[in-house]
Amino acid sequence: MNKRKIVFVASLFFCGLANAQSNYPSFQKEKVMIQQDWLVETVKAPANMYEGENGQIVFSNGLVSRTFTTSPNGATVGLDLLSKDEAFLRSVRPEAEVEIDGMKFNVGGLLGQPIHNYLLPEWLDQMTADPASFKLVDYSLDETKERFAWKKRPEWMPKDMPWPVPGKELVFRYQLDKQALEVLAAQMQSDDSRPVLFSDGFEKLDNAWLRFESKADERNSFINEGKSGEIMALANTAVYADRVVSAGSSVFLAKINPGTDQSVSWGPGMGLVFGDKVVKINLRIKKNELGFFDGEQEKVLKGLEPDKAVWLRMELKEGKVQASYSYDQKSWTEVGQTAISASDKLEKVRLGKMDWAGKNSDHAEKGERGRCHFEAFQMLGELSDNARLAGKEKFSYLKDIEVKVHYELYDDMPVFSKWITVENKSNRAVQLNTFKSEILAVTEAESVVDSKTKWELPNITVESDYNFGGMSNESIFRTSLAWNVDPLYKTQVNYERVTPCLLEAYPKYGSDQRLETGKTFNSYRIWELLHDSRIQERKGLEHRRMMRALAPWATENPILMHVRSASDEAVKTAVDQCSEVGFEMVIMTFGSGFNAEDNSPENLQRMKKLADYAHSKGIALGGYSLLASRRINAENDVVMPEGMTPRFGNSPCLESEWGQSYFEKMYQLFEQSGLDIFEHDGSYPGDICSSEKHPGHKGLADSQWNQYKRITDFYKWCRGKGIYLNVPDYYFLSGSNKTGMGYRETNWSLPREQQEIVERQNIYDGTWTKTPSMGWMFVPLVEYHGGGEAATIEPLKDHLPHYGQRLANLFGAGVQACYRGPKLYDAPETKELVKKWVDFYKQHRRILDSDIIHIRRADGRDYDAILHVDPQGEEKGLAMFFNPTAEEMVREIELPLYYTGLTDFALIREKEGTAKEYRISRDYKVKITVTIPANSYNWYVIE
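By convention here, each chain's residues receive numbers from 1 onward along its written sequence. Per-residue local features are limited, in this predicted model, to residues with pLDDT of at least 70; the limit for side-chain atom pairs, both in listing and counting, is 80 or more; totals at the level of whole chains, interfaces and linings are taken over all residues. Only hydrogens and water are set aside; all other atoms, that is, all heavy atoms of the structure, feed into the side-chain values.

The name that an unreviewed UniProt entry assigns to the protein is Alpha-galactosidase, with the source organism given as Maribellus luteus.

Next up, the structure:
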């Protein structure tokens, strides 16, 4: 394929992009918009870049669009679901954020939006670029590229899937300009370079300090027991001292020892008094927090270290008050900032315990007595010209750091992807401490005045390939994503302003990566699916369609057996039986004696011979290995911070000597043996490690990032080799094929008839978010977790009805199970039963691997049913019905056929019988009479 690449080059660092000759089409929403249902019809929705109004860029495929402005900086100014004419964006934010060598920078974005409930196009002309931010240099358009290699196994797939996902990639390139470096130099200049206009160590309080001491308690005082600056007061009462600001002051510093004070909003702090308005920063000691009051509302920042003296800093700069704190006066953390108008005249500085608004009222509940101590205070002037020049030179290397913001938009799906890259083109190494690759201010899903324990989130499903520690995508909120409170959204309905409507993508630890000259850092990717409905079934269908496209290897769905022994004889017996009945894979299971860490020549040669034998029979062969939830030794296990334990109780560090050796052995095993399936249990769950002795990471901050990269590099390598990956964790977007559908292992000790019902419940529940091929189930053919004869299938020939029911449950759902035991069959009639269901599955593989519509969940009292749908297949649907009772059932059942793609008539046949024509109602349903034998099943095919 000839790929075309369009690059639009800007005039570097000035007034946005230079005007380039437009060679891409104008965005006309009515012509571009796709009216068809992308889940049902074969839509033609190619991704492309368009020219929008006022020089904007529109990235759209007719289903969704994301709009960008390029001047005065790059920024997202629109995110729309075109089919519903719905705007998701309400406020402009930076495109990303990076922290380099301890300094945080916005990448792109605009400032000055009047309110953040919604965004009007006319406001953009009045908005400005953050002077300290990375500025847009140019942008380019290209075809999507594969994230990593995928060797397809078409024999296990219902149909071919494209790779990479068809679509377009739009890349914006950013760098720091001269203005940003000047601002940075001023911001980062040490306060030691400023002139000291006033300093007080509180040896004695001079008369220029005007004290206010609440009368709520006779002990309330700013001079406790003769010690100036030491406050004794009830927790929620006001005690402070004011001083007129020295002329030319721009920075105010106060050192506070929190002592025994136990206040929150009345905690000791510093305020700047502008007439009737006070802007203050204070310690919220009781909750280990800091507070910032901007004159209207209080913002809270967690993380105050208890019993530790802290410096508070307030600076007047460019029409703002900026407040921060530090323990050493070197590393400062911002608590808040607020704009001040020209009419706001700074009159006084206030030190002490103020009320929540910086004034002198007391709370109704005044609390207990406590002491705190102001140990030092300074007022500093502006930096000198020489100091500013030295600062510019110090940070000049940063102009050669390049941040690229990448977007992908896919054909025929309302899905965007986003990630960033950071390239070091300077002449020195830099440290990328942290990053945010997405900051998206989205319209809230609900407006609620009162507090809530569980919020409705915006109607976007977000996926990330930095995901671990669970079998569902929910674990991303522990690892890489957050729906946060928006501190700028002051006009929201919620009284406490805590509506979760700010989507941010950032690792919870690190990444803390060192970038040598010429090296590039790649963030993880996220994917954003804009839903057009809140109906659970439709949202699930949209999500599953997205996952099939983004991780198409998850459609590989081999029929597999777990053999209980790794001896040559046992493995060959299992291979022979699988070959006889049409199974496609054998896994040497846990407890089988298979040892993936044995890299002796003898073991590698034995594994190669077994793999060759299996391949000669058309069977894939592999084995099981446990990674986490095991202990190695003190030198190689993760060292967790105090108060934390590994997710599974014990775990090795993947970047210890043992961890690195483990993965070297895994590469060696699969390269030399020819094995082509790896069941990797206890996959990396995200355990952090504070060791500074492990060779693969420096300490806590980079430990999670480096361990995750270690394991996903291996999974991606496996994907390129065609090695099937069973991983009980959500690693799909990094190369794994399958995870658990969702079950409790001890349930296989229940009586057999109960297992049948619970199994169908597990499948019904798991397929709301997983396709049938994404999740495995489990069928222990021998006793497992107890339960005795009543729970055990063996001897198989003695329990054919139950074995047949289990096969119907699973193959009828398109869900593959781990059939664990020494044999799949033990008699001719058992073999015939297994082969019957394998043949059924292979005959209907495409429709059985397709999406499931949920008809009725199993409850043991009445029928339960699922409906497979495939609007592009020859078989449009296949309905499975189950009867758990001892009586034959005859039911008139309404089938929803909308997602089959049929509109007027449907041909429906019972099993392989004669088809009957049904007229489809206006709401896309048909009523059929279904007969289900007692304690059995039936199925109907829809064409």
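A.B. asks: In this structure, what is going on with the overall build of the protein? I would like to understand it.
C.D. replies: Strands are runs of DSSP state E lasting at least two residues, helices are runs of H or I lasting at least four, and both sets are numbered from the N terminus onward. When its secondary structure is counted, the protein shows 13 helices and 52 strands. Here the C-alpha atoms of the protein give a radius of gyration of 32 Å, agreeing with the 30 Å that 2.2 N^0.38 yields for 943 residues. For the protein, the spread of C-alpha atoms along the principal axes amounts to about 105 × 65 × 60 Å. When a residue's accessible area, from a 1.4 Å probe over protein chains only, is under 20% of the maximum for its type it is buried; when over 50% it is exposed; and in between it is partly exposed. Across the 943 residues in the protein, those meeting the buried criterion constitute 60%. A separation of at least 24 residues holds for 71% of the contacts in the protein among residues at least 6 apart in sequence. Counting only carbon and sulfur atoms, one obtains 46% of the accessible surface of the protein, whose full area is about 38,200 Å². Neither His nor the chain termini are counted; the positive set is Lys and Arg, and the negative set is Asp and Glu. Where a charge lies is defined by one atom per residue type, namely NZ (Lys), CZ (Arg), CG (Asp) and CD (Glu). Counting 117 positive and 136 negative side-chain charges, the protein places the centres of these two groups 1 Å from one another. Radius of gyration here is computed from C-alpha atoms only, and the compact-globule reference equals 2.2 Å multiplied by the residue count raised to the power 0.38. In what follows, a contact means two residues having at least one pair of non-hydrogen atoms within 4.5 Å. Every accessible area reported is derived by Shrake-Rupley at a probe size of 1.4 Å, with residue values counting cover from the shown protein chains alone.

A.B. asks: Can you help me understand a nonpolar patch on the surface in this one?
C.D. replies: Put simply, a patch holds well-exposed residues, over 30% relative accessible area, that have no salt bridge, with like charges counted together within 9 Å and Val, Leu, Ile, Met, Phe, Trp or Tyr side chains within 5 Å. We define a salt bridge as a contact between a side-chain nitrogen of Lys or Arg and a carboxyl oxygen of Asp or Glu at a distance within 4 Å. On the surface, a nonpolar cluster with roughly 340 Å² of combined accessible area is contributed by V449, V493 and Y495. Position of Y495 relative to the elements: it lies in the loop between β32 (481–485) and β33 (500–505). A relative accessible area of 69% means that Y495 is categorised as exposed.

A.B. asks: Before we go on, may I ask you to explain unusual backbone geometry in this structure?
C.D. replies: Excluding glycine, residues mostly carry a negative phi; peptide bonds, for their part, are mostly trans. Residue P72 follows S71 across a cis peptide bond; omega there is 5 degrees. Relative to the elements of secondary structure, P72 occurs in the loop between β4 (64–69) and β5 (75–81). A cis amide bond links W163 with the next residue in sequence, P164, at an omega value of 5 degrees. Within the chain, D101 stands out as a residue other than glycine whose phi angle is a positive 50 degrees. The phi dihedral of D512 is positive, around 55 degrees, even though this residue is not glycine. Look at D512 and you get buried, because its relative accessible area is 14%.

A.B. asks: Whenever I open this one, the side chain of K738 confuses me. Can you help?
C.D. replies: Locating K738 in the fold gives a position in the loop between β41 (724–726) and β42 (739–740). Buried and without a salt bridge, K738 has D849 as its closest oppositely charged side chain, separated by 7.7 Å. Polar contacts here mean pairs of N or O atoms no more than 3.5 Å apart (in protein, one a potential hydrogen donor and the other a potential acceptor; neighbouring residues in sequence count only if both atoms are side-chain atoms). Within polar-contact distance, the side chain of K738 engages the side chain of N557 at 2.7 Å. If sequence neighbours within four positions are ignored, K738 has contacts with E556, N557, Y724, L725, N726, V727, F732, S773, M774, G775, W776 and Q816.

A.B. asks: What's the story with the pairing of β4 in this structure? I'm lost.
C.D. replies: Each regular strand carries side chains that alternate between the two faces of the sheet. Counting buried positions along β4 gives six out of six residues, so the element sits mostly inside the fold. Here, any two strands with at least 2 DSSP bridges between them count as paired. Connecting strand β3 (residues 57–60) to the antiparallel partner β4 that follows it, the hairpin turn spans three residues, and G62 within it adopts a positive phi of roughly 90 degrees. Pairing of β4 with β5, which is carried by six bridges, proceeds in the antiparallel orientation. Its bridge partner lying in β5, F68 is registered against T76. Between β4 and β5, which pair antiparallel one after the other, the connecting turn spans five residues.

A.B. asks: Sorry if this is basic, but what is going on with the nonpolar core here?
C.D. replies: Nonpolar side chains tend toward joint burial in soluble globular proteins. We call a set of buried Ala, Val, Leu, Ile, Met, Phe, Trp, Tyr and Cys residues a nonpolar core when their side-chain atoms join them within 4.5 Å. The biggest cluster of nonpolar side chains holds 159 residues, and the ones touching the most others in it are V98, F134, L170, L398, F583 and Y819. The biggest single contributor to this core is helix α9 (residues 700–721), with seven residues. Apart from residues lying up to four places away in sequence, L170 is in contact with M49, I57, F59, F68, Y139, S140, L141, V405, H406 and Y407. Counting 53 residues, the second largest nonpolar core, distinct from the first, contains L733, A865, A879 and V926.

A.B. asks: Looking at this model, I keep getting lost on the domain arrangement of the protein. Mind explaining?
C.D. replies: Often the size quoted for an interface is simply the accessible area lost on bringing the parts together. Note that the domain bounds were set by an automatic or database domain assignment. For the protein, the domain assignment lists domain 1 (69–183 + 399–549), domain 2 (191–382), domain 3 (583–733), domain 4 (741–848) and domain 5 (850–942). Taking only C-alpha atoms, the centre of domain 2 and the centre of domain 5 are 70 Å apart.

A.B. asks: Looking at this model, I keep getting lost on the pattern of salt bridges. Mind explaining?
C.D. replies: Two side chains bearing opposite charge may form a pair once their charged atoms approach each other closely. Summed over all chains, the structure comprises 74 salt bridges. The shortest N-O distance in the salt bridge between R428 and D101 comes to 3.9 Å. Residue R428 is found in the loop between β28 (415–424) and β29 (430–436), and its partner D101 is found in the loop between β8 (96–100) and β9 (103–107); the two are separated by 327 residues along the sequence. What makes R428 partly exposed here is its relative accessible area of 38%. Residue D851 pairs with R544 through a salt bridge whose shortest N-O separation is 2.9 Å. A residue pair is termed long-range when its members are at least 10 positions apart, and D851 in strand β45 (residues 851–856) and R544 in helix α5 (residues 536–550) qualify at 307 residues.

A.B. asks: How should helix α8 (residues 657–673) be read in this particular structure?
C.D. replies: Note on helix geometry: an α-helix contains 3.6 residues per turn, so any two residues three or four positions apart are oriented the same way. Along its 17 residues, α8 runs 24 Å from first to last C-alpha, staying within 8% of the 24 Å computed at 1.5 Å per residue. Every buried residue belonging to α8 is among W658, G659, Q660, Y662, F663, M666, L669, F670 and S673, and all of these are buried. Buried positions along α8 lie against α7 (601–616), β39 (620–626), β40 (677–681) and α9. What a helix is expected to span follows from its residue count: subtract one and scale by 1.5 Å.

A.B. asks: What should I look at first to understand the sheet that holds strand β16 (residues 239–244) in this one?
C.D. replies: Strands pair in a sheet through their backbones, by hydrogen bonds, and they do so in one of two ways: parallel or antiparallel. The seven strands are arranged β13-β16-β25-β18-β19-β20-β21 in an open sheet whose pairing can be described as antiparallel. Because the sheet does not close on itself, it has two edges, and the strands there are β13 (210–213) and β21 (298–302). Sheet twist, expressed as the average angle between the axes of neighbouring strands with direction ignored, equals 15 degrees. Two strands pair when backbone bridges link them, and β13 and β16 are joined in this way by four bridges, in the antiparallel orientation. Residue pairing for β16: F212 is matched across the bridge by Y240. To obtain an axis, a line is fitted to C-alpha atoms, over the contacting stretch when the element is a helix, and the angle between two such axes runs from 0 to 180 degrees between their N-to-C directions.

A.B. asks: When you look at the sheet that holds strand β7 (residues 89–91) in this model, what are you seeing that I'm missing?
C.D. replies: Spatially, β7-β30-β33-β32 is the arrangement adopted by the four strands of the open sheet, whose pairing is antiparallel. Each edge of the open sheet carries a strand with a single partner, namely β7 and β32. Put simply, the sheet's adjacent strands are angled 45 degrees from each other on average, direction ignored. Across five bridges, β32 lies against β33 in antiparallel orientation. Note on β33: the bridge partner recorded for N484 is L502.

A.B. asks: Looking at this structure, how should I read the environment of E794?
C.D. replies: As for its placement among the helices and strands, E794 is situated in the loop between β43 (775–780) and α11 (800–813). The residues contacting E794, other than those within four sequence positions of it, are L781, V782, H799 and P822.

A.B. asks: Sorry if this is basic, but what is going on with the packing of aromatic side chains here?
C.D. replies: The relation between two aromatic rings is expressed through the spacing of the ring centres and the mutual angle of the planes. Each Phe, Tyr or Trp ring, with Trp reduced to its six-membered ring, pairs with another whose centre is within 6.5 Å; inter-plane angles below 30 degrees give stacked pairs, above 60 give edge-to-face pairs, and intermediate values give tilted ones. Inspection of every chain in the model, using the stated rule, returns 61 aromatic pairs. Judged by centre distance (6.5 Å) and plane angle (85 degrees), the rings of W150 and W163 are edge-to-face. On the criterion of sequence distance, the pair formed by W150 in the loop between β10 (135–143) and β11 (167–175) and W163 in the loop between β10 and β11 is long-range, its members being 13 residues apart. Classification of W150 as buried rests on a relative accessible area of 9%. For K308, the ring lying beneath its charged end belongs to Y327, and the centroid distance is 4.7 Å. Consider the ring centre and the ring normal. A charge sits over the ring if Lys NZ or Arg CZ is within 6 Å of that centre and within 35 degrees of that normal. Stacked on the ring of Y613, the Lys or Arg K572 has its end atom at 5.2 Å from the ring centre.

A.B. asks: I keep staring at the side chain of K317 and nothing clicks. Help me out?
C.D. replies: Within the element layout of this structure, K317 appears in strand β22 (residues 310–317). Although K317 is buried, it forms no salt bridge, and the closest oppositely charged side chain is E315 at an N-O distance of 4.7 Å. Ignoring any residue separated from it by four or fewer positions in sequence, one finds K317 in contact with V183, A186, Q187 and Q322.

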